[in-house]
Amino acid sequence: MKQNRLAIIRLLLKLSALDYRRSNAYGEGKGARIIIAVAGIIFWASLTWLGLLMADQVKSYGMTTANGGSYGATPVGYICGVMPFILFVDFMLRLSFLHSNTQYAKPFLLFPIPRYACADVFVIKSILQPFNLLWTGLFFAYALTATEPADATAAALIIAISLSAIVLNSLWYTIVHTLITVNITWWILPIIVYAAISIPFFSGQGISLDSFCDFYAFAGSTLTEHYIIMFLGIAVSFATLFAIDRTIAFKAADAELNGNDRNSTTESHRQISFSNVSSEPLVFVKLELASMKRNKNRRKASLYAVLTTVFVSITLTFTSIYSDNNLDQTYMLLYGFQVFPSMLAVNIMGYEGNYIDVLMMRKECILSLLKAKLFISCVMTLLPFLLMMPTVFAGTTDILRLTTFALITAGPVNCAYFQLAVTNDRTIPLVSKITGNKGKHIGTQQIITTIGALFIPLFAVRTMDSAIGQSTTSMALSAFSIIVIATSNLWLRHIYVRMAKRKYSNLENFHTTRN
């Protein structure tokens, strides 16, 4: 029986590996995969360098507390002291770039096989995904250089503890992601967990980083002295998280497949009329607002954008992390404004792929849609502007610079993202859940546009600041952005003409990629 179950799991792993290769997105996403691979290699190399720096710090200096004692003077204690930070960064990176593997559950749950075998496969895939290998550069570099050559046991112990922590964090992320997909109120779970983890920050007088790292360094060093008990604890934690993960994934997917989603509600829909041609742009504004209100994916993207902007504003207002570096401060200010277009406008026309046929029934109907989208994008720029206002009151920036970044986002940045309307031909589900498709399609154009929209304005601002001063730069870029906004009818029509030339190929791809 166990052999049959293992054979089924191997078969499902093979099928899920072939799934993406058989999709239409595989061939066209080659450029994006190359960019992601190169970025992964650069990130891995950076972590390796960081591991060497950490090892050098342990060997040369160690870290001292306010009481004059030392913690992290041993290689094992040091890595345990900083492990909570590593795991939090790992969780946030997964949240930003990864999707839960349980979204493949729909076809496999229909097979005449043990149903929990499907959930087992998806949990195993989350453990074996290549993302988990990114941290090996840091851990191996640190373990091999922080320990003495003759002390192979300590190096092996560091590697085992670190990799086990990453695997457990992978299971924890999958649990949280699945629960949030079912109901967004489950965000309270990671908030409570990370708040509990940060309690040692307040163990001394005020907030103390030394107390925090001292606590986990002591706990890790104590556990490693009894490594048999430690590894038994890791094994029990793994088995517990695995069981919870497979249960949650299976129940969520099964409930959705059988139409038992308790969170779904039926709403009365107002009729949106196209009878009055002169009010067509207004009709599409109403359509966009209704779509953002009713559709789960768009609501989530908007909420995440607001939360990210609030985080950036709080960081710049109440901390001095970026106060000594104007480049980092400018980057964070620009990023706070560009969260909204990077999450919402980057997939322009993707949601409309669900009803693209209706949009093509009237002449220049899509042009009116683009105008409505630009209007809403410009209005939404006011939200990050208001959320970033505390930085002005705190003296981090001035109102002229903040207004400049808002105009840059409303003008040139939106213009860049709207060019993607020509090439975006993948339908994005309006309500992407556990059993949905693979979520939003990441293509080469999206990646290049997102990177360019952030770093080109950053380069222009810093270069012009050095050449003509900050005030003159702000006024010049504001004037340029206003010109871009004022000429929006011209470049929107140009986009519409380019879309018309690709009408049939885009229409076919929209149909092919629907659920």
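Residues numbered from 1 in each chain as written. Predicted model: local features only at pLDDT ≥ 70, side-chain atom pairs only at ≥ 80, totals over all residues. Heavy atoms only, no water.

## Some points on empty space enclosed by the protein
Phase 1: With the rule as written, the count across this model stands at 3 cavities of 30 Å³ or more.
Phase 2: Considered as a void within the structure, the largest cavity measures approximately 260 Å³ in volume.
Phase 3: The wall of the largest cavity is formed by 22 residues, among which Leu344, Ala345, Lys373, Ser377 and Met380 lie closest to the centre.
Phase 4: Among the secondary structure elements, those contributing two or more residues to the lining of the largest cavity are helix 12 (280–294), helix 14 (326–343), helix 16 (365–380) and helix 19 (399–418). (1 Å grid on protein atoms, 1.4 Å probe; cavity = no way out; pocket = protein on both sides within 12 Å on 5 of 7 lines; lining within 4 Å. Points joined across faces, edges and corners; volume = space filled by probe spheres on them. Helix = DSSP H or I, 4+ residues; strand = E, 2+ residues; numbered from the N terminus.)

## Some thoughts on the packing of helix 19 against helix 21 (residues 444–468)
Phase 1: Between helix 19 and helix 21, the shortest axis-to-axis distance is 11 Å and the interhelical angle comes to 140 degrees. The angle between the axes of helix 19 and helix 21 places the two elements in the oblique class. Viewed along their axes, helix 19 and helix 21 form a crossing whose handedness is right-handed. In contact with Arg401, Phe405, Ile408, Val413, Ala416 and Tyr417 of helix 19, helix 21 contributes Thr449, Thr450, Ala453, Pro457, Val461 and Asp465.
Phase 2: Looking at side-chain class alone, the contact of helix 19 with helix 21 contains 8 nonpolar, 2 polar and 2 charged residues. (Axes fitted to C-alpha atoms, helices over the stretch in contact; angles between N-to-C directions. Parallel < 35°, antiparallel > 145°, perpendicular 65-115°, else oblique. Left-handed = near helix turned anticlockwise from the far one by under 90°. Contact = heavy atoms within 4.5 Å. Nonpolar A, V, L, I, M, F, W, Y, C, P; charged D, E, K, R; others polar.)

## What to know about the pattern of salt bridges
Oppositely charged side chains can pair when the atoms bearing their charge come close.
Phase 1: In total, this model carries 5 salt bridges according to the counting rule given.
Phase 2: With a shortest N-O distance of 2.9 Å, Lys373 and Glu352 are connected by a salt bridge. Pair noted here: Lys373 is in helix 16 and Glu352 is in the loop between helix 14 and helix 15 (356–359), with a separation of 21 residues, a long-range link.
Phase 3: Assessed through its relative accessible area of 1%, Glu352 is described here as buried.
Phase 4: Overlapping salt bridges bring together Arg401, Arg462 and Asp465 as one network. (Salt bridge = Lys/Arg side-chain N within 4 Å of Asp/Glu carboxyl O. Buried < 20%, exposed > 50% of the residue type's maximum accessible area, 1.4 Å probe, protein only.)

## Examining helix 10 (residues 209–225)
Residues that lie three or four places apart on an α-helix share one face, since the helix turns once every 3.6 residues.
Phase 1: In a regular helix each residue adds 1.5 Å, so 17 residues correspond to 24 Å; helix 10 covers 24 Å between its end C-alpha atoms and thus fits that length.
Phase 2: Residues Phe212, Cys213, Tyr216, Ala217, Gly220 and Thr224 constitute the buried set of helix 10. Along the axis of helix 10, the buried positions cluster into a sector of 120 degrees, meaning they face one direction only. Residues of helix 10 that are exposed and point over 90 degrees away from its buried face: Phe218 and Glu225. (Expected span 1.5 Å × (residues − 1). Arc of directions from axis to C-beta.)

## A few points about a nonpolar patch on the surface
Phase 1: A contiguous nonpolar surface patch, about 420 Å² in accessible area, is contributed by Tyr227, Ile228, Phe231 and Leu232.
Phase 2: Along the chain, the position of Tyr227 falls in helix 11 (residues 227–257). (Patch = residues over 30% accessible without salt bridge, like charges linked within 9 Å, V, L, I, M, F, W, Y side chains within 5 Å. Areas by Shrake-Rupley, 256 points an atom, 1.4 Å probe, with all protein chains shown as cover.)

## Side note on the packing of helix 21 against helix 22 (residues 470–486)
Phase 1: In the contact formed by helix 21 and helix 22, the axes pass within 7 Å of each other and the chain directions differ by 130 degrees. Overall, the two elements helix 21 and helix 22 adopt an arrangement that is oblique. Judged by the sense of rotation from one axis to the other, the crossing of helix 21 with helix 22 is right-handed. Contact residues: Val461, Met464, Asp465 and Ile468 in helix 21; Gln470, Thr472, Thr473, Ala476 and Leu477 in helix 22.
Phase 2: The class makeup of the residues in the contact of helix 21 with helix 22 is 5 nonpolar, 3 polar and 1 charged.

Keep in mind these numbers describe shape, not what the thing actually does.
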